[in-house]
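The residues making up each chain are set out below.
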2 protein chains.
Amino acid sequence: MSELKGACVFGQSGGPTAVINASAAGVIQEAMNQSCITNVYGAAHGIKGVLDENFYDMSKEDPHELNLLKTTPSSALGSVRYKLKSPEEDETDYKRLIEVFKKHNIRYFFYNGGNDSMDTCNKVSKYLQKAGYECRVMGIPKTIDNDLWGTDHCPGYGSAAKYIATSVMEVYHDARVYDKGMITILEIMGRNAGWLTASSALASHAGAGPDLIYLPEIDFDLDRFLDEASSIYRKNGNVIVAVSEGIKDKNGKYISEYGSDLAQSKDAFGHAQLGGLAATLASIAKQKTGAKVRGIEFSLLQRCAAHLASLTDVNEAYWAGQMAVKYAVEGKTDYMVAFERAEGPEYKCNIKLINLTDVANAEKKIPREWINKEGNGLTGDFIKYALPLIQGESKPPMENGLPRFSRLKKVLVDQ
Amino acid sequence: MSELKGACVFGQSGGPTAVINASAAGVIQEAMNQSCITNVYGAAHGIKGVLDENFYDMSKEDPHELNLLKTTPSSALGSVRYKLKSPEEDETDYKRLIEVFKKHNIRYFFYNGGNDSMDTCNKVSKYLQKAGYECRVMGIPKTIDNDLWGTDHCPGYGSAAKYIATSVMEVYHDARVYDKGMITILEIMGRNAGWLTASSALASHAGAGPDLIYLPEIDFDLDRFLDEASSIYRKNGNVIVAVSEGIKDKNGKYISEYGSDLAQSKDAFGHAQLGGLAATLASIAKQKTGAKVRGIEFSLLQRCAAHLASLTDVNEAYWAGQMAVKYAVEGKTDYMVAFERAEGPEYKCNIKLINLTDVANAEKKIPREWINKEGNGLTGDFIKYALPLIQGESKPPMENGLPRFSRLKKVLVDQ
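All figures in this text were calculated on a predicted structure; none of them were measured in a lab.

Draft legend 1. Expanded view of the sheet that holds strand S9 (residues 293–297) of chain A. All names here are of chain A. Pairing in this open sheet of 4 strands is parallel, and the strands run S7-S8-S6-S9 from one edge to the other. Every other strand in the sheet has two partners, leaving strand S7 (212–214) and S9 as the edge strands with one partner each. Geometrically, the sheet is characterised by an average inter-axis angle of 15° between neighbouring strands, direction not taken into account. Of the pairings in the sheet, the one linking strand S6 (residues 182–188) to S9 comprises 5 bridges and is parallel in character. Residue pairing for S9: Ile185 is matched across the bridge by Gly295. Sheet strands touched by helix H11 (residues 277–289): S6, strand S8 (238–244) and S9. Its angle to S9, the strand with the most contacts, is close to 170°.

Given below as structure tokens:
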């Protein structure tokens with residue numbers, strides 16, 4: 001395969017994670033080592049930065065600050081949620097993209113994100129091929145939701161799982177200090193796939209986790225939940241429940257939407273303690289059981305807690321970015337970099353390439369057999385799967401008792 | 001002062017912290033070294049355990065597990081919120097207490113807690129004196145709220161402050177990744193004193209913190225808040241606001257109570273996104289500014305995050321427990337151990353003793369001159385005060401990628 005000389009563009013897309021910047025560091029540092037890559041550009045806010053021709057010149061950044069990206073959470077270049085129409089429907093964006101690529105002789109395009117982002121990456125790749133513009137396009141997986149098809153797991157998941165399991169263990173200790181018992185309801189992210197909520201089972205595995213775990217993979221039955229929680233409450237005095245934000249009833253209605261009904265209802269809750277799912281379930285459980293109930297929403301913290309990132313995750317995220325560049329330089333294109341777990345007792349992942357077409361918009365959920373019969377907990381197979389992903393502690397360098405995160409200059413390339 | 005031979009009882013009281021168990025380790029390990037202390041007992045659920053004669057025999061614990069208490073969050077012996085009546089009002093509890101103390105020849109009583117707990121400790125101390133029962137009574141300060149009178153700061157605060165400042169920095173990075181701006185409202189603990197919410201200013205000091213900070217020390221004006229937030233939003237696109245759960249309007253009404261009014265109101269919020277203060281302010285700000293608004297409640301996590309504790313805090317908490325025992329053995333009684341900051345450029349604290357009478361029920365708030373003129377931020381004096389308290393990282397030993405917390409046997413003493 002002949003050498004392809006030109007500039008590269010890297011973009012971050014979708015919701016940020018604790019390690020998406022580690023993939024950025026992998027791409028940028030590897031691209032700078034490649035003689036055939038003439039310029040290394042970062043797109044401001046992903047595909048939008050490409051269409052607006054807003055590129056940061058990475059060669060203008062302090063190498064130390066680029067290195068700090070490995071331990072800096074969120075999306076340093078800015079992210080975006082922008083769905084490209086299909087070219088058949090509207091070719092405008094694509095024409096503009098080729099115009100920009102030609103102007104800057106962009107021959108390498110690396111896009112880091114989840115399902116929708118891989119869809120974008122796939123459309124760009126296919127259009128460039130059809131248009132006969134030579135450009136190597138590589139997707140790099142990223143999502144705390146861990147729901148990308150075709151890869152053993154996604155960079156970002158291990159760190160979120162480590163944060164969730166650790167925080168659940170700490171709440172477990174806090175929630176049982178009084179002699180009067182309490183029901184604690186933890187709301188964890190995950191709209192359609194329960195991987196994040198399932199990671200709370202790692203805390204149970206360590207002896208300090210939830211008694212009940214409810215995932216969007218299983219229809220949620222409010223009465224069954226109340227029975228299961230009350231019976232544990234009567235038996236142990238304390239109950240910890242982990243729920244996915246995305247749990248729905250058998251009619252497909254989000255349980256979180258029960259909240260607004262309650263808000264309007266006049267039945268005596270005292271204060272209508274509504275809000276997210278946790279607050280809603282807490283209100284209901286309080287009324288039905290009479291127990292002290294507390295709802296806790298982990299919220300954004302679970303996707304940006306770089307201070308507690310998994311070293312395995314950080315290293316794999318960096319590696320994925322680095323390998324995307326190496327494969328592209330070798331001539332590969334139209335693929336997403338993915339992880340394949342090696343056989344054997346020791347955890348080891350190899351990198352494989354999967355077609356962008358196959359991964360775009362597909363969604364991976366938790367296999368039913370990894371969820372217990374009752375549908376309120378995880379099996380040992382899940383623990384075996386998830387435990388290796390949270391190993392090792394990534395430590396951001398500290399300055400004055402607080403993490404020192406990367407500070408980029410973000411020097412724009414002339415238009 | 002003649003040597004006093006007998007058993008000691010240690011109790012934990014009030015809300016748990018990341019380091020109250022470090023004080024426990026200090027008391028227990030030091031007491032075990034003292035020949036005049038015949039038995040080291042832990043009271044189950046503080047004063048309640050004393051009255052119920054529920055004592056754990058600490059000599060039955062594995063020394064390694066006792067050592068792990070230094071890095072284990074929450075109250076390992078169990079906590080309690082029980083207010084002793086004054087003896088004049090009702091002597092029952094006191095008579096029972098003396099009965100139990102005599103039965104087990106308890107001559108040392110160490111009580112670890114906040115304002116109310118020091119009130120309990122003070123009442124016990126005074127009653128035993130009046131009854132002529134010789135017993136050395138020492139209070140050990142503890143509260144994330146940092147509102148105890150007479151001490152430079154309270155064990156528990158530094159770790160909570162470190163967690164809050166770090167988490168705010170991470171949310172700061174997460175909250176500005178999209179090109180469309182957002183108003184983020186962070187609800188932080190602190191009913192009457194703003195010390196915890198103020199610690200978010202340490203993140204601003206590090207360049208990634210709130211634009212606006214509202215404390216319970218200052219009357220909260222909803223319209224002014226909306227003006228201040230909107231003008232920053234229009235200017236920067238992104239706004240981060242930190243609010244104490246305890247902010248009140250000039251009529252003394254908690255802003256969090258505005259929520260239930262809104263819940264009942266029929267005006268079109270779409271979903272009534274209510275709940276805690278953060279959700280309430282988010283709903284209002286969303287409606288008034290039209291901006292994207294997110295409310296985040298740090299909740300319990302801020303008081304039990306041992307994985308991110310301040311090493312300074314952990315060491316001081318241990319030291320406070322240890323010194324309480326040493327002073328008691330030397331003959332001191334009826335005091336609380338307190339910190340006094342030494343003069344000079346280097347941070348250094350000495351231990352002093354203050355009368356339980358003086359500290360009981362007194363409350364320390366943030367001095368007005370440490371809050372900016374506008375009442376929406378902190379001054380450099382606060383930073384100078386708080387920064388030394390979050391220095392150093394306390395690391396719980398890890399096992400399988402998760403913290404290994406102490407597991408006590410809790411062997412009960414025969415009644």
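Draft legend 2. Up close: the relation of the copies chain A and chain B. With an RMSD of 0.0 Å, chain A superimposes on chain B once it is rotated by 180° and translated 0.0 Å along the axis. What the superposition gives is, in effect, a two-fold axis relating one chain to the other. Both copies present the same face, since 100% of the interface residues in chain A are matched by interface residues at the equivalent positions in chain B.

Draft legend 3. Layout of the pairing of strand S4 (residues 106–113) of chain A. Residue and element names in this part refer to chain A. The buried fraction of S4 is high, at 8 of 8 residues. In terms of strand pairing, strand S1 (residues 6–12) meets S4 through 6 bridges, oriented parallel. Across the sheet, Val9 pairs through a bridge with Phe109, a residue of S4. Judged from the 6 bridges that link them, S4 and strand S5 (residues 136–141) form a sheet pairing that is parallel. The partner of Phe109 across the bridge, within S5, is Val137. One crossover worth recording links S4 to the parallel S5 by way of helix H5 (residues 115–131), and it is right-handed.

Draft legend 4. How the structure looks around the packing of aromatic side chains. Scanning the entire structure with this criterion turns up 34 aromatic pairs over all chains. Taken together, a centroid distance of 5.7 Å and an interplanar angle of 10° make the contact between Tyr41 of chain B and Phe55 of chain B stacked. Residue Tyr41 of chain B is located in strand S2 (residues 37–43), and its partner Phe55 of chain B is located in strand S3 (residues 55–57); the two are separated by 14 residues in the primary sequence. Each of the two residues, Tyr41 of chain B as well as Phe55 of chain B, counts as buried. Ring centres 5.2 Å apart and planes at 90° place the aromatic pair Tyr214 of chain B and Phe220 of chain B in the edge-to-face group. The pair Tyr214 of chain B / Phe220 of chain B is uniform in exposure class, with both members buried. A network of ring pairs unites the aromatic residues Tyr157, Trp195, Trp370, Phe382 and Tyr385 of chain A as a single cluster. In this arrangement the basic side chain of Arg107 of chain A is found over the ring face of Tyr133 of chain A, its NZ or CZ atom lying 4.1 Å from the centre.

Draft legend 5. How the structure looks around the interface of chain A and chain B. On the side of chain B, 66 residues touch chain A, which itself brings 66 residues to the contact. Carbon and sulfur atoms supply 58% of the area that chain A and chain B bury against each other, a total of about 5,400 Å² over both sides. Three residues stand out in chain A for area buried against chain B, namely Glu170, Tyr178 and Leu402 of chain A, and they jointly supply 12% of the buried area on that side. For the pair chain A and chain B, the interface holds 4 salt bridges. Inspection of the region where chain A meets chain B yields 26 residue pairs in polar contact (both at pLDDT 80 or more). Examining the composition of the side of chain A that touches chain B, we find that 10 residues originate from one element, helix H6 (residues 157–174) of chain A, more than from any other. A class-by-class count of the residues in the side of chain A that touches chain B yields 29 nonpolar, 23 polar and 14 charged.

Draft legend 6. Quick look at the state of the cysteines. Residues and elements named next belong to chain A. Under the defined criterion, the tally for this structure stands at 0 disulfides over all chains. Distance from the sulfur of Cys36, which forms no disulfide, to the nearest cysteine sulfur (Cys8) is 9.5 Å. Counting only cysteine sulfurs, Cys349 is the nearest neighbor of Cys154, a cysteine outside any disulfide, at a range of 11 Å.

Draft legend 7. Expanded view of the sheet that holds strand S8 (residues 238–244) of chain B. Residues and elements named next belong to chain B. Here we have 4 strands laid out as an open sheet, ordered S7-S8-S6-S9, and parallel in their pairing. Strands at the two margins of the open sheet, each flanked by one partner only, are strand S7 (212–214) and strand S9 (293–297). Taken over all neighbouring pairs, the strand axes of this sheet differ in orientation by 15° on average, direction set aside. The pairing of S7 with S8 spans 3 bridges and is classified as parallel. Of the residues in S8, the one forming a bridge with Tyr214 is Val243. Sitting on the sheet, helix H6 (residues 157–174) is in contact with strand S6 (182–188), S8 and S9, with an inclination near 165° to S6. Across the face of the sheet, helix H11 (residues 277–289) comes into contact with S6, S8 and S9 while running at roughly 170° to S9.

Analysis parameters
- Residues numbered from 1 in each chain as written.
- Chains lettered and ligands numbered in written order.
- Predicted model: local features only at pLDDT ≥ 70, side-chain atom pairs only at ≥ 80, totals over all residues.
- Heavy atoms only, no water.
- Pairing = 2+ DSSP bridges.
- Helix = DSSP H or I, 4+ residues; strand = E, 2+ residues; numbered from the N terminus.
- Axes fitted to C-alpha atoms, helices over the stretch in contact; angles between N-to-C directions.
- Contact = heavy atoms within 4.5 Å.
- Least-squares fit on C-alpha atoms with pLDDT ≥ 70 in both.
- Buried < 20%, exposed > 50% of the residue type's maximum accessible area, 1.4 Å probe, protein only.
- Right-handed = clockwise from strand over helix to strand, strands pointing away.
- Phe/Tyr/Trp six-rings, centres within 6.5 Å; stacked < 30°, edge-to-face > 60°.
- Lys NZ or Arg CZ within 6 Å of the ring centre and 35° of its normal.
- Buried area = accessible area lost by both parts, 1.4 Å probe.
- Salt bridge = Lys/Arg side-chain N within 4 Å of Asp/Glu carboxyl O.
- Polar contact = N/O pair within 3.5 Å; in protein donor to acceptor, adjacent residues only side chain to side chain.
- Nonpolar A, V, L, I, M, F, W, Y, C, P; charged D, E, K, R; others polar.
- Disulfide = S-S within 2.5 Å.

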